[in-house]
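One letter stands for each residue in the lines below.
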Amino acid sequence: MEDLRIGVIGLGLRTSIALAADRPGKGAVVAALCDLDPAVLKRQSAKFPSAGFLTRDHRELLDRPDIDAVIVNTPDDTHEALAIDALRAGKTVYLEKPMAITIDGCDAILRTARESGTRLYVGHNMRHMGVVRLMRDIIAKGVIGEPKTVWVRHFVGYGTEFYYKDWHADRTRTTGLLLQKATHDIDVVHWLAGGYTTRVNALGDLLLHGDLPRRAPGTPRPDDWLMENDWPPTARKDLNPVVDVEDVSVMNMRLDNGVIAAYQQCHFTPDYVRNYTVIGSEGRLENFGDGPGATVKVWNTGPTQYREDCDIAYKVPDAQGTHGGADVQIMSEFVRFAREGGVTDTSPVAARMSVAAGYLATRSLRDGGRPYDVPPLDADLAAYFDRGQQEAA
Ligand SMILES: NC(=O)c1ccc[n+]([C@@H]2O[C@H](COP(=O)([O-])OP(=O)(O)OC[C@H]3O[C@@H](n4cnc5c(N)ncnc54)[C@H](O)[C@@H]3O)[C@@H](O)[C@H]2O)c1
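All of these numbers come straight from a predicted model, not from anything done at the bench. (Residues numbered from 1 in each chain as written. Predicted model: local features only at pLDDT ≥ 70, side-chain atom pairs only at ≥ 80, totals over all residues. Heavy atoms only, no water.)

### Some remarks on a nonpolar patch on the surface
In step 1: A cluster of nonpolar side chains, contributed by L13, Y158, F162 and Y272, occupies part of the molecular surface with about 380 Å² of accessible area.
In step 2: Relative to the assigned elements, L13 resides in the loop between β1 (4-9) and α1 (15-21). (Patch = residues over 30% accessible without salt bridge, like charges linked within 9 Å, V, L, I, M, F, W, Y side chains within 5 Å. Areas by Shrake-Rupley, 256 points an atom, 1.4 Å probe, with all protein chains shown as cover. Salt bridge = Lys/Arg side-chain N within 4 Å of Asp/Glu carboxyl O. Helix = DSSP H or I, 4+ residues; strand = E, 2+ residues; numbered from the N terminus.)

### Here we look at the packing of helix α5 (residues 103-116) against helix α13 (residues 379-386)
In step 1: At their nearest, the axes of α5 and α13 sit 11 Å apart, and the two run at 60° to each other. Classified by the angle between their axes, α5 and α13 sit oblique to one another. Considering the relative orientation of α5 and α13, their crossing is left-handed. In contact with D107, L110, R111, A113 and R114 of α5, α13 contributes D380, L381, Y384 and F385.
In step 2: In terms of residue class, the contact of α5 with α13 is built from 5 nonpolar, no polar and 4 charged. (Axes fitted to C-alpha atoms, helices over the stretch in contact; angles between N-to-C directions. Parallel < 35°, antiparallel > 145°, perpendicular 65-115°, else oblique. Left-handed = near helix turned anticlockwise from the far one by under 90°. Contact = heavy atoms within 4.5 Å. Nonpolar A, V, L, I, M, F, W, Y, C, P; charged D, E, K, R; others polar.)

### Some remarks on the side chain of Q389
In step 1: In this fold, Q389 is placed in the segment after α13.
In step 2: Its relative accessible area of 13% is what places Q389 among the buried residues.
In step 3: Here the side chain of Q389 touches L120 through a polar contact of 2.8 Å, landing on its backbone oxygen.
In step 4: Beyond its immediate stretch of four places on either side in the chain, Q389 contacts T118, R119, L120, F337, P348 and Y384. (Buried < 20%, exposed > 50% of the residue type's maximum accessible area, 1.4 Å probe, protein only. Polar contact = N/O pair within 3.5 Å; in protein donor to acceptor, adjacent residues only side chain to side chain.)

Structure follows, in C-alpha cells:
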C-alpha cells in the first residue's frame, strides 16, 4: 500500500505531531510543508527528509494533487479559515485542538465538512493517553458503578512559558485559556461521563501574569523563550505584549445525562499535572501522576476514614513518544481514518461540544459567573457525523 501523502500547515512547537506522522514506507509520509515564516520553514524542513515542496502560502499546498491529507497546526484563531479551505480542496484534515475559538467557527467547519464530503478529524490526543484510556476502561467495567460526578484539577506548571509569551495570552487569538487549554479536559470529562455539557458557569481572574513585565509590541519571542523557567513565577518576564487571558479559572458543568462536573486551572503552580476524580454510584477513582507508569487508584468499599491505600491500584502502561505516547497513537488512527473512514475514538462533534462549553464558561467568568446554556449542535449535522461522515442511505 502506498504511503498517505501529508502536507503540514504550521511548523511551530506542535511540529511534534507532524514528526509522529512521518513514517515513510510505513503508511504515511510528510511530503509538503507550509509556514508563513520563511525562517521557520527552512529550519523545520531539515526534520522532514521526504518533504519536497515548501511554501509560505497554504493555498499552493492545497492545490497540489499529490497531497492526500493535511495537518492544520497553526494558532487557534486561524483554524476555522484554514480547515475550511482544506476541506473545500478535498484534502482529509487533521485539525489540531481546539477546533476553533468560537461555537460559530466550529459549526462552520462541521457544515463545510458535510457539504464538501471531505473527511475531518480533530486532534484531541488526550483520548489516546494511557491514563485517560485506563480511567475510561475502569468506568466501562463498572468498577465504580455509574459515574455521577467528575472533578478535574489542572496544575499548569510552565504556564508562563507556554501560554503567556505568545499569542495564547491574547483573547482575540484564543478566546481564553478555559477554551484553549481546557478543551482537552472538557472533552475527557465528556468521554468519561458519557454526556455533553448543557449548562456552565465559571469564575476566574488574571491573578499574577497581568503584573509581570511584557515585551515591547512587535518584539518576537526570544530564541530561548521556553528555557526561562524562573522561580518563583513573580520573577518571570518577557511576556507577550498583550496579556488579557485569565490565569486562574474554575468552571462548573451540568451534562445532558445528569452528571455534574468541575474543572479548575492554574498557570503558576510549581508542578505540571492533571488530577481527575470520578465518583460513581459504587466507588471512586483518582489518578496520581498522568504519564506512563502513573497510578489510578480505586476505592470501592467503605465507608472509611481517609485511606491512602486503595481497593485496587491500576498502572498506566509504558509508552514511547510525546504526550505519553498519545501522539503516535492518534496519528495511526488518523492515517487509518484518512484511508478508510469509519469510527474513531476522537469525534468532531465532541470537539465542538468541548469548545462550546469552554467558550460559554469564558463568557460566564467575564460576566460575574452567570450561568449559560450550551446550544446543541444541529441534529441533522450531528447525525451525519454519527453515521461516520456519510449521508443517510
Ligand atoms: N494536541 C496537543 O497536545 C497540542 C499541543 C500543543 C499545541 N497544540 C495546538 O497546535 C496548534 C499550534 O500550536 P503551536 O504551539 O505549534 O503554535 P506556534 O505559535 O509555536 O506555531 C504556529 C506556526 O504556525 C505558523 N502560521 C501561522 N499562521 C499560518 C498560516 N496562515 N499559514 C501557515 N503557517 C502559519 C506560524 O508562523 C508558526 O510557525 C495550536 O492550535 C495549539 O492549540 C496542540
